[in-house]
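One-letter residues, chain by chain:
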Amino acid sequence: MTRITCPVLSEKIISAEEAANFIHDGDVVGMSGFTGSGYPKGLPAALAEKGKDAREKGEEFGIEIYTGASTATDADGVMADAGVIRKRSPFQSDPSLRKAINTGETEYVDTHLSHLAQQLQFGWFGNLDVAVIEVAAILPNGQLVPSSAVGNNQMWLDLADRIIIEVNDWQPRAYEGLHDVYTGIGVPPERKPINVTEPFQQIGSPYLQVDAEKVVGVVHTDAPDRNAPFKPADEVSKAQADHIVDFLRYEINQGRLPDSLFPIQSGVGNIANAVLVNLANSEFEDLTSYTEVIQDGMLDLIDAGKLKSASATSFALSAERAADFNANIENYKGRILLRNQDVSNHPEIIRRLGIIAINGMVEADIYGNVNSTHVMGSSVINGIGGSGDFTRNAYLNFFVSPSVAKDGAISTIVPFASHIDHTEHDTQVIVTEQGIADLRGLAPKKRAQTIIDKCAHPDYKDRLQDYFDRAVASNPKGLHTPHLLGEALSWHKSFQDSGSM
């Protein structure tokens, strides 16, 4: 049965190669895709070939690409390898694209995920020439059934001069009814409150809306999302998950959380997934989630009857879990809702609902400044993603990481972070396998001592204490946040010089 039932748009079916001819050198392109879900499967390879052909002819072909978040090797990767991505935002995870960014071949704008759609709407990135959006189906009236990610898709459809739609048969046709696309945010000074007062509240439409006159092509595909396996939880991730769950129990006992907690947000990764597994095996009931990505562990929570509902903008599943979800999607209707990311990540809603946010980090310094994005201060890894959206506005936030990396050559607790994405003012709780540092209500020196005592690895704890003690002794007029500026980044310099901090 065809997925394209709109008479007008069914007349516009073309190949991916033909569709690529509608994208020109210098175009600004909005693509679907969020954490490896819902990205175009046909156009990226065709654009990569177009770029290779242009180079062979001595011509230029490069574009700016804006998405929801990361896509995949068969999207970001093939285009980066072909040298066609001149500029990219807001989040990426492909090794080839990361290399192009860190070698200066591609400009990268690392933007909060809740911000990018409005920034293009404000005109900060120039005119949006083309939107390339994957969907599960096109209905007879021209409405679009979203696929496994909503992201910024509706904004791209609204802003673009030309639109290319990819209809992917791999995405279940039964996705219809699983989405909530809200278009009422508006622009200043006419903005109104977003009326989400409960995590699963629906305020929009199940469909994406498109102006059929702007559609220049409809491409048929049948290919899976990038479904990356999760590593089995090791002792380090289990220890961190145990610390977090025990802390939540403590907060309940202190009367600061209800027995069912507040809605949970968890970033992508094995540690966050381990926390969800621990919750599934805990005494907690009637949980809810208001997050950006639904991972394997969240589906496990739903299956175990622990999680009543999950609101997000995308999936990030293993291949096995994705196949199971696709086969049983009807069982999750009424319990899963996918929204556009300027709603899933909106600060107003996050603060109103009292989110419990759990996100990973690269490193933290002794005062609680957190680096989420860079290695040794200069090389970006993936991007800030939604961690800032949730951390700054959460009722309670956790930053998690092993206490060491590179087999102990790197301490993730350092005197001074080499790059700062989240300042000490936003960081509440830091967690490593060594312990948990509750920084709420603490002045800087007490924060430093708590982080050293609770989170530092034994191999580095004495050195951190020595640095801190000497910083205090050397700054009689600077005792608010004492530092030894000549040594603050010496651990990072040591790693660059010798391969070990």
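First things first, this report covers the structure right here in the doc. The shown structure was predicted, so the numbers you read here are calculated from the model rather than taken from an experiment.

1. Overview of the overall build of the protein chain
Point 1. Secondary structure summary: the protein chain contains 17 helices and 26 strands in total.
Point 2. A globule of 501 residues ought to have a C-alpha radius of gyration of about 23 Å, and the protein chain, at 23 Å, matches this closely.
Point 3. Along the three orthogonal principal directions, the C-alpha set of the protein chain runs to about 75 × 55 × 45 Å.
Point 4. Counting the 501 residues in the protein chain, one finds 58% classified as buried.
Point 5. Of the contacts formed within the protein chain by residues at least 6 apart in sequence, a portion of 73% connects residues at least 24 apart.
Point 6. The protein chain carries 42 positive and 66 negative side-chain charges, and their two centres are separated by 5 Å.

2. Things to note about the nonpolar core
Note on soluble globular proteins: their nonpolar side chains tend to be buried together.
Point 1. Ranked by internal contacts, the top residues of the largest apolar core, which has 75 residues, are I138, L248, L261, L279, F325 and F398.
Point 2. The residues touching F325, leaving out its near neighbours within four places in the chain, are Y175, L178, L299, F315, L317, Y332 and I336.
Point 3. Grouped together as the second largest cluster of nonpolar side chains are 34 residues, L43, A82, I85 and L113 included.

3. Things to note about the packing of helix α9 (residues 270–280) against helix α10 (residues 296–303)
Point 1. For the pair α9 and α10, interaxial distance at closest approach is 8 Å and the crossing angle is 10°. Between α9 and α10, the interaxial angle falls into the category roughly parallel. The residues of α10 that touch α9, namely those facing N273, L276, L279 and A280, are D296, G297, M298 and L301.
Point 2. A class-by-class count of the residues in the contact of α9 with α10 yields five nonpolar, two polar and one charged.

4. So, the sheet that holds strand β17 (residues 363–365)
Sheet strands pair by backbone hydrogen bonding; their relative direction is either parallel or antiparallel.
Point 1. Strand order in this open sheet of three strands is β18-β17-β24, and the pairing throughout is mixed. Since the sheet does not close on itself, it has two edges, and those belong to β18 (370–371) and β24 (413–414), each with one partner.
Point 2. When β17 meets β24, the two strands line up parallel, connected through two bridges. Residue pairing in the sheet places A364 in a bridge with I413 of β24.

5. Some details on the pairing of strand β13 (residues 307–312)
Point 1. The buried fraction of β13 amounts to five of the six residues, a majority that puts the element mostly inside the structure.
Point 2. Alignment of strand β11 (residues 287–290) against β13, held across four bridges, turns out to be parallel. Bridged to Y290 within β13 is S311.
Point 3. Pairing between β13 and strand β15 (residues 336–339): three bridges, direction parallel. Bridge pairing in β15 links A312 to L338.

6. Some thoughts on unusual backbone geometry
Point 1. The step from S89 to P90 runs through a cis peptide bond, and the omega angle for that step is 5°.
Point 2. Structurally, P90 can be placed in the loop between β3 (85–89) and α5 (95–102).
Point 3. Note that the residue after P188, namely P189, is joined by a cis bond; omega there is 0°.
Point 4. On the secondary structure map, P189 appears in the loop between β8 (179–180) and β9 (215–221).
Point 5. Within the chain, T35 stands out as a residue other than glycine whose phi angle is a positive 50°.
Point 6. Along the polypeptide, T35 turns up in the loop between β1 (28–31) and α3 (43–56).

7. Considering the packing of aromatic side chains
In this description, a pair of aromatic rings is defined by centroid distance and the angle of the planes.
Point 1. Under the defined criterion, the tally for this structure stands at nine aromatic pairs.
Point 2. Relative to F125, the ring of Y66 lies with its centre 5.0 Å away and its plane at 70°, an arrangement referred to as edge-to-face. Remark: F125 occurs in the loop between α6 (116–121) and β5 (130–138) and Y66 occurs in strand β2 (residues 63–66); sequence separation between them is 59 residues. Comparing Y66 with F125 shows no difference in burial state: the two are buried.
Point 3. A network of ring pairs unites the aromatic residues Y175, F315, F325 and Y332 as a single cluster.
Point 4. A cation over an aromatic ring shows up here: K41 above the ring of Y39, its NZ or CZ 4.0 Å from the ring centre.

8. Some words on the environment of I366
Point 1. Along the chain, I366 turns up in the loop between β17 and β18.
Point 2. Measuring from C-alpha to C-alpha, the distance between I366 and E251 comes to 24 Å, with 115 residues separating the pair along the chain.
Point 3. Every residue in contact with I366, bar those within four places of it in the chain, is listed here: V414, P415, R447, A448, I451, I452, L464, Y467 and F468.

9. Let's talk about α10
Point 1. Of all eight residues in α10, six are buried; the element is thus mostly enclosed.
Point 2. Inspection of α10 places D296, G297, M298, L299, L301 and I302 among the buried residues, and these make up the whole buried set.
Point 3. Of the residues flanking the end of α10, it is G305, one or two places downstream, whose phi is positive at about 75°.

10. Comments concerning the environment of V130
Point 1. Examined against the element boundaries, V130 turns out to sit in strand β5.
Point 2. With 55 residues separating them along the chain, V130 and A75 place their C-alpha atoms 16 Å apart.
Point 3. Apart from residues no more than four positions distant in its own chain, V130 is found in contact with F22, I23, D27, V28, V29, G30, A160, R162 and I164.

11. A look at the pattern of salt bridges
Point 1. Evaluation of the coordinates by the stated rule reveals 25 salt bridges.
Point 2. Salt-bridge contacts for R470 lead to D466; the nearest nitrogen and oxygen are separated by 2.9 Å. With R470 and D466 both in helix α16 (residues 458–474) and four residues apart, the pair spans about one turn of that helix.
Point 3. Shared partners join several salt bridges into a network, and the residues in it are E251, R256, D438 and R440.

12. Focus: the pairing of β3
Regular strands have side chains that alternate between both faces of the sheet.
Point 1. Among the five residues in β3, four count as buried, and that is most of the element.
Point 2. Note on the crossover from β2 through helix α4 (residues 73–81) to β3: the handedness is right-handed.
Point 3. Direction of pairing for β3 relative to strand β4 (residues 107–108): parallel, over a ladder of two bridges. Residue R88 lies in a different strand from β4, and its bridge partner there is Y108.
Point 4. Following the backbone out of β3, through α5 and into the adjacent parallel β4, one traces a crossover that is right-handed.

About the cut-offs
- Residues numbered from 1 in each chain as written.
- Predicted model: local features only at pLDDT ≥ 70, side-chain atom pairs only at ≥ 80, totals over all residues.
- Heavy atoms only, no water.
- Helix = DSSP H or I, 4+ residues; strand = E, 2+ residues; numbered from the N terminus.
- Rg over C-alpha atoms; globule rule 2.2 N^0.38 Å.
- Buried < 20%, exposed > 50% of the residue type's maximum accessible area, 1.4 Å probe, protein only.
- Contact = heavy atoms within 4.5 Å.
- Lys, Arg positive; Asp, Glu negative; His and termini not counted.
- Charge placed at Lys NZ, Arg CZ, Asp CG, Glu CD.
- Core = buried A, V, L, I, M, F, W, Y, C linked by side-chain atoms within 4.5 Å.
- Axes fitted to C-alpha atoms, helices over the stretch in contact; angles between N-to-C directions.
- Parallel < 35°, antiparallel > 145°, perpendicular 65-115°, else oblique.
- Nonpolar A, V, L, I, M, F, W, Y, C, P; charged D, E, K, R; others polar.
- Pairing = 2+ DSSP bridges.
- Phe/Tyr/Trp six-rings, centres within 6.5 Å; stacked < 30°, edge-to-face > 60°.
- Lys NZ or Arg CZ within 6 Å of the ring centre and 35° of its normal.
- Salt bridge = Lys/Arg side-chain N within 4 Å of Asp/Glu carboxyl O.
- Right-handed = clockwise from strand over helix to strand, strands pointing away.

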